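These are the residues of each chain, in order.
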Amino acid sequence: MQIADKKVVSVTYTLKLDNESGNTLEEVKQDAPLQFLYGSGNLLPKFEENLSGLNPGDTFTFKLNSEEAYGEASDDKVVDVPKEVFIVDGKLDEKLLQVGNTVPMMDKNGNRLNGTVAEIKDEAVVMDFNHPLAGDALFFTGAVTEVRDATEEELSHGHVHQHGAGGCEDCGDDGG
């Protein structure tokens, strides 16, 4: 079965920074492949585009430049956040506020996002909300391990459900 919209795809891959000799960022192996609903918008569009039409057993090798991956790093995504935001139960969380730490936060619209502590000032914390791979090219090599039709439930929820796992934590479905 060929990779196309509304198919559940399983792949293994190695992700390297920039090119085939770059630093390895991630390895997804046969015992725990990446499974996703093709065309649902949950992955980088150019990643999916490079897999279109492949079949189980096919291999792939491709590079995504930074614009096709997570975009260029933007100074607009580096902001000063008042230290008061990090006060919990009347105390500033000093362990959390270490340069390089990733902190889960929410924007003013209630959207979840992660920020990296870039600098600690007297009255503010400089947070970088760029994706950690912004500005980087990504190089993928891998193989397609399975392609199957999505279930009606997966199509309605927009993502893969692990069959036999008792429900879907992502969307709150308890399997009943």
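This is a predicted model, so every value here is computed, not measured. (Residues numbered from 1 in each chain as written. Predicted model: local features only at pLDDT ≥ 70, side-chain atom pairs only at ≥ 80, totals over all residues. Heavy atoms only, no water.)

1. Looking at the side chain of Lys83
And step 1. Assignment of secondary structure puts Lys83 in the loop between β5 (78-82) and β6 (87-88).
And step 2. Despite its burial, Lys83 remains without a salt bridge, the nearest opposite charge being carried by Asp122 at 5.8 Å.
And step 3. Polar side-chain contacts of Lys83 include one of 3.4 Å to the backbone oxygen of Asp122. (Helix = DSSP H or I, 4+ residues; strand = E, 2+ residues; numbered from the N terminus. Buried < 20%, exposed > 50% of the residue type's maximum accessible area, 1.4 Å probe, protein only. Lys, Arg positive; Asp, Glu negative; His and termini not counted. Salt bridge = Lys/Arg side-chain N within 4 Å of Asp/Glu carboxyl O. Polar contact = N/O pair within 3.5 Å; in protein donor to acceptor, adjacent residues only side chain to side chain.)

2. Re the pattern of salt bridges
And step 1. Summed over the entire model, instances satisfying the criterion amount to five salt bridges.
And step 2. We note a salt bridge from Lys63 to Asp18, for which the minimum N-O separation is 3.5 Å. Here the residue Lys63 occupies a position in strand β4 (residues 59-64), and Asp18 occupies one in the loop between β1 (7-17) and β2 (24-28), the gap between them amounting to 45 residues.
And step 3. The residue Glu49 makes a salt bridge to Lys46 at a minimum N-O spacing of 3.2 Å. In this pair, Glu49 and Lys46 are both assigned in helix α1 (residues 45-51), three residues apart and thus about one turn of the helix distant.
And step 4. On the basis of relative accessibility, which here comes to 29%, the residue Lys46 falls in the partly exposed class.

3. Examining the confidence of the model for the chain
And step 1. In this model, the chain carries an average pLDDT of 91, and 92% of its residues clear a pLDDT of 70 or more.
And step 2. Per-element confidence in the chain ranges from a low mean pLDDT of 84 for β6 to a high of 98 for β4. (pLDDT = per-residue confidence, 0-100.)

4. Here we look at the pairing of β2
And step 1. Across four bridges, the pairing between β1 and β2 is antiparallel. Among the inter-strand pairings, Thr14 is bridged to a residue of β2, identified as Glu27.
And step 2. Hairpin connection from β1 to β2: six residues lie between these consecutive antiparallel strands, with Asp18 at a positive phi of about 75°. (Pairing = 2+ DSSP bridges.)

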